[in-house]
Amino acid sequence: VHLLESGGGLVQAEDSLRLSCVASGETVMNMGWFRQAPGKEREFVAAITWSGTGTYYADSVKGRFTISRSIGATTMYLQMDRLEPEDTATYYCAGDPVEGPLSHWPSEYSAWGQGTQVTVSS
């Protein structure tokens, strides 16, 4: 499985960004977004099932971020609204080719993208 993220950038607080992740190779079932700020551990942001009908969010982004998948499930999106400086991090796309419950643990995902930087200024 190969995952490629795009869409990061530098924005101001309260702005919006949409991240994309394109999956190629083996079919990816559950997919998720994680982020990592300098000096901090990688943290869960959101996850979505293959069908797109199941979603799971971290409390810190609930109500501001929306995860979705394209028809055919090869592309995943993260719509980020009302961004805050605390959202500044490198955002990683993750995928699991094995079907199962959505998880917030990085160890449950076997495929990872290279990351895309999101910087939110105050």
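Here we summarise the structure given alongside this text. Everything quoted here is computed from the prediction, not taken from an experiment.

## Looking at the packing of aromatic side chains
The geometry of an aromatic ring pair is captured by the separation of the ring centres together with the interplanar angle, meaning the angle of the planes.
Now for step 1: Counting across every chain of the model gives 5 aromatic pairs.
Now for step 2: Relative to F44, the ring of F34 has its centre 5.6 Å away and its plane inclined at 70°; by these criteria the two rings are edge-to-face. Within this pair, whereas F34 is found in strand β4 (residues 30-36), its partner F44 is found in strand β5 (residues 43-48), the two being separated by 10 residues in sequence.
Now for step 3: Given the relative accessible area of 0%, F34 is considered buried.
Now for step 4: Put simply, the rings of F34, F44, Y56, Y109 and W112 pair up and form one aromatic cluster.
Now for step 5: Across the ring face of W112, the terminal group of R42 is positioned such that the distance to the ring centre comes to 4.8 Å.

## As for the state of the cysteines
Now for step 1: All told, the structure shown has 1 disulfide when counted by the stated rule.
Now for step 2: Note that C21 is cross-linked by a disulfide to C93, the S-S spacing being 1.9 Å. Taking the sign of the torsion about the S-S bond as the criterion, the disulfide between C21 and C93, at about -70°, is left-handed. Within this pair, whereas C21 is found in strand β3 (residues 17-24), its partner C93 is found in strand β9 (residues 89-96), the two being separated by 72 residues in sequence.
Now for step 3: According to the relative accessible area criterion, C93 is buried, its value standing at 0%.

## As for unusual backbone geometry
Now for step 1: Although it is not a glycine, A73 sits at a positive phi angle of roughly 65°.
Now for step 2: Mapped onto the fold, A73 is located in the loop between β7 (65-69) and β8 (75-80).
Now for step 3: Look at A73 and you get buried, because its relative accessible area is 7%.
Now for step 4: The backbone of R82 shows a phi angle near 50°, a positive value even though the residue is not glycine.
Now for step 5: Within the secondary structure layout, R82 lies in the loop between β8 and β9.
Now for step 6: Judged by relative accessible area, which is 43%, R82 ranks as partly exposed.

## Some remarks on the environment of Y91
Now for step 1: Its place among the elements puts Y91 in strand β9.
Now for step 2: Judged by relative accessible area, Y91 falls into the buried class, the value being 0%.
Now for step 3: In sequence terms Y91 and E108 are 17 residues apart; their C-alpha atoms lie 17 Å from each other.
Now for step 4: Ignoring any residue separated from it by four or fewer positions in sequence, one finds Y91 in contact with E5, L19, W33, F34, R35, V45, F65, L78, M80, G115, T116 and V118.
Now for step 5: At a separation of 2.9 Å, a polar atom in the side chain of Y91 contacts the side chain of R35.

Conventions adopted
- Residues numbered from 1 in each chain as written.
- Predicted model: local features only at pLDDT ≥ 70, side-chain atom pairs only at ≥ 80, totals over all residues.
- Heavy atoms only, no water.
- Phe/Tyr/Trp six-rings, centres within 6.5 Å; stacked < 30°, edge-to-face > 60°.
- Helix = DSSP H or I, 4+ residues; strand = E, 2+ residues; numbered from the N terminus.
- Buried < 20%, exposed > 50% of the residue type's maximum accessible area, 1.4 Å probe, protein only.
- Lys NZ or Arg CZ within 6 Å of the ring centre and 35° of its normal.
- Disulfide = S-S within 2.5 Å.
- Contact = heavy atoms within 4.5 Å.
- Polar contact = N/O pair within 3.5 Å; in protein donor to acceptor, adjacent residues only side chain to side chain.

So yeah, pure geometry; function would need other evidence.
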